[in-house]
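Each chain, letter by letter, is given below.
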Amino acid sequence: MKVLVVHNFHRSGSASGDDQVFKHETAMLKNAGIELLRYTIHTDEFDKKNKAGKLLASLDMFWSPKTYRDIQRICKEEKPDIVHVHTFFPLLSPAVFVAAHRSGVKVIQTLHDTRYVCPNASSICNGELCTLCTDGKYFRMVSKKCFKNSKVQSLAAALIFGVHRWNRTFYRNIDRYIYLNESQKALFLKAGFSSRKFVKKYNSVPEPTPVNSERDLPQRYAVYCGRIGQEKGISVLCSAWEKLPDVPLVIMGAGPQEDMLNQFIKTHPDLQIQYLGYVPHDECQGIMGNAEFVLLPSICYEGCSMTVIEAFSLGKPVIATDIGFMHEAISAVGMNTVFPMKDYNALSHKVMELWNDPDLCSQYGKIARNEYENKYSESIDIANLMKIYYDCISENS
């Protein structure tokens with residue numbers, strides 16, 4: 001089998017989940033003997049352009065003639081069985097789907113986010129979950145400045161996705177949508193996507209290879225590892241920890257709210273919080289593996305959180321917001337460690353519940369590891385992905 005994998009990488013240093021998944025899945029496919037073709041671009045390339053170049057690149061976000069020509073050429077010359085698109089926005093444009101479809105190749109997309117129903121991709125408006133644009137009336141984004149907090153950029157995003165939704169580009173040119181959780185699927189079906197094209201597949205992570213950290217860390221601690229940003233609930237975490245002076249917290253990651261986090265720690269010297277910033281992956285695993293439990297107070301829909309499944313691979317329970325994937329992965333399998341979104345009082349209660357009951361923590365850790373082995377391991381993931389490919393190829397053939 002020959003597969004063309006397509007992806008628009010995020011900016012360097014963003015540690016984006018879909019970038020990680022793309023690299024991991026392509027490595028698994030190569031190890032499985034699949035003949036891989038890659039067509040990728042980095043958003044950094046946009047940043048390097050001069051003003052005129054950025055203007056032209058912005059127009060290409062609506063429809064990229066180069067992407068269209070390249071994909072058609074590759075399909076004609078290499079004759080792939082599948083074109084598997086991960087992320088196409090902003091630089092590849094929807095032209096990638098039309099080019100592959102018109103070449104007669106089966107097209108699959110992994111839905112890493114909710115961008116088709118929310119061009120901002122986060123489904124957050126003014127710090128709250130928002131699904132208003134499921135109806136396709138994207139121009140409300142402009143007054144709310146949903147995209148990059150800019151009316152101009154919000155207008156551009158609304159035009160791109162509004163026109164392509166009206167033209168049904170994303171409906172007619174994709175044969176399979178790989179969705180990551182049931183809440184995500186429900187949003188897309190509400191937006192008019194065909195349920196028969198949806199197939200579920202979780203992400204995976206390899207068996208952990210933790211490295212012991214030489215940092216001076218507490219003997220017992222809770223841990224947060226991820227982006228330091230609004231959508232990850234950093235303010236919720238800080239508010240909860242004001243009530244937890246006796247529980248050490250280790251935070252790892254980078255992002256736009258680093259200054260806010262550092263200021264909070266500086267003004268709360270009585271709290272036992274250590275912010276380590278960016279930590280190399282293997283050392284991060286070591287620190288997670290030695291923690292009592294992992295925290296994920298997100299205020300956004302998580303597709304298939306890499307933090308959750310990495311914690312599970314290490315046999316660690318996760319205390320998380322009770323929405324989307326977190327509900328499905330945690331509370332639905334018997335771990336009572338979820339809390340209502342933004343409810344920092346409930347979060348602090350869940351922390352104390354596990355902190356004061358090591359036996360319960362260990363019990364949930366065993367459930368977590370079992371979930372990893374049965375749902376999120378590489379062997380399960382590659383088997384599911386190959387089935388999706390073969391089923392798609394055989395349909396109407």
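Here the residue numbers are simple positions, counted from 1 along each chain's written sequence. Since the coordinates come from a predicted model, pLDDT governs what is reported: local features require at least 70, and pairs of side-chain atoms require 80 or more to be given and counted, while whole-chain, interface and lining totals use all residues. With hydrogens and water stripped out, all remaining heavy atoms of the structure feed into the side-chain values.

## Let's talk about the overall build of the protein
Okay, so step 1: For the protein, the helix and strand inventory stands at 17 helices and 14 strands.
Okay, so step 2: Based on C-alpha atoms, the radius of gyration is set beside the globule rule, defined as 2.2 Å times the residue count to the power 0.38. For 397 residues, the compact-globule formula gives about 21 Å, and the C-alpha radius of gyration of the protein, at 21 Å, lands near that figure.
Okay, so step 3: Reported as C-alpha extents along the three principal axes, the dimensions of the protein are approximately 60 × 45 × 40 Å.
Okay, so step 4: Buried residues are those whose accessible area, probed at 1.4 Å on protein chains only, stays under 20% of the maximum for their type, while exposed residues exceed 50% and partly exposed ones sit between those limits. With 397 residues in all, the protein has 55% of them scored as buried.
Okay, so step 5: Contacts between residues were defined by any pair of non-hydrogen atoms, one from each residue, lying within 4.5 Å. Put simply, of all contacts in the protein between residues at least 6 apart along the chain, 72% involve residues at least 24 apart.
Okay, so step 6: Element-wise, carbon and sulfur atoms account for 50% of the exposed surface of the protein, whose accessible area totals about 17,500 Å².
Okay, so step 7: The charged-residue count follows a simple rule in which Lys and Arg add positive charge and Asp and Glu add negative charge, with His and chain termini not counted at all. For charged residues, the charge sits on one atom: NZ in Lys, CZ in Arg, CG in Asp, CD in Glu. Charge-centre separation for the protein: the mean point of 46 positive side chains lies 10 Å from the mean point of 43 negative side chains. Labels follow the DSSP assignment, with helices taken as runs of H or I lasting at least four residues and strands as runs of E lasting at least two, numbered in each case from the N terminus. Accessibility throughout is a Shrake-Rupley quantity obtained with a 1.4 Å probe, and a residue counts as covered only by protein chains that appear here.

## Quick notes on the packing of helix 10 (residues 234–241) against helix 11 (residues 258–267)
Okay, so step 1: It is the contact of helix 10 with helix 11, at a shortest axis distance of 11 Å, that shows an interaxial angle of 5 degrees. Taken together, helix 10 and helix 11 sit at an angle that is classed as roughly parallel. Residues Ile234, Ser235 and Cys238 of helix 10 pack against Met260, Leu261 and Phe264 of helix 11. Here the axes come from fitting lines to C-alpha atoms, over the contacting stretch only for helices, and the angles between their N-to-C directions go from 0 to 180 degrees. For classification purposes, angles smaller than 35 degrees are called roughly parallel, those larger than 145 roughly antiparallel, those between 65 and 115 roughly perpendicular, and all remaining angles oblique.

## Topic: the pairing of strand 10 (residues 249–252)
Okay, so step 1: Here strand 10 shows two buried faces, one formed by Leu249 and Ile251 and the other by Val250 and Met252.
Okay, so step 2: As defined by bridge partners, strand 9 (residues 222–225) adjoins strand 10 across four bridges and the pair is classed as parallel. Its bridge partner being in strand 10, Ala222 is matched across the sheet by Leu249.
Okay, so step 3: When the strands point away from the viewer and the connection leading from the first strand across the helix to the second strand turns clockwise, the crossover is called right-handed. At this point the chain moves from strand 10, through helix 11, to the parallel strand 11 (residues 273–277), and the crossover so formed is right-handed. Should DSSP find at least two bridges between two strands, the strands are regarded as paired.

## Focus on the nonpolar core
Okay, so step 1: By size, the foremost hydrophobic cluster in this structure holds 69 residues, and its most contacted members are Trp241, Met252 and Leu295.
Okay, so step 2: The contacts of Met252, once residues within four sequence positions are left out, are Val223, Tyr224, Cys225, Gly226, Ile228, Leu276, Gly277, Val279, Cys284, Ile287 and Met288. For this analysis, a nonpolar core means a set of buried residues of the types Ala, Val, Leu, Ile, Met, Phe, Trp, Tyr and Cys, connected via side-chain atoms within 4.5 Å.

## What about the packing of aromatic side chains?
Okay, so step 1: The aromatic pairing rule takes the rings of Phe, Tyr and Trp, using the six-membered ring of Trp, and pairs them if the centres are within 6.5 Å, calling planes under 30 degrees apart stacked, those over 60 edge-to-face and the rest tilted. Counted according to the given criterion, the structure contains 24 aromatic pairs.
Okay, so step 2: For the pair Tyr171 and Phe193, a centre-to-centre distance of 4.2 Å together with 20 degrees between the ring planes defines the contact as stacked. Placement of Tyr171 in helix 8 (residues 169–172) and of Phe193 in the loop between helix 9 (182–190) and strand 8 (198–200) is noted, with a sequence separation of 22 residues between them.
Okay, so step 3: Geometrically, a charge over a ring is one whose NZ (Lys) or CZ (Arg) sits within 6 Å of the ring centre while staying within 35 degrees of the ring normal. For the cation-ring pair, Lys148 lies above Phe147, with the distance from its terminal atom to the ring centre recorded as 5.7 Å.
Okay, so step 4: A cation over a ring is seen here: Arg168 above Tyr171, with NZ or CZ 4.1 Å from the ring centre.

## Overview of the pairing of strand 3 (residues 82–85)
Okay, so step 1: Burial along strand 3 is two-sided: the residues Ile82 and His84 and Val83 and Val85 are all buried.
Okay, so step 2: Pairing of strand 1 (residues 2–9) with strand 3 involves four bridges; the strand directions are parallel. The residue of strand 3 that forms the bridge with Val5 is His84.
Okay, so step 3: Note on the crossover from strand 3 through helix 5 (residues 95–102) to strand 4 (residues 106–110): the handedness is right-handed.

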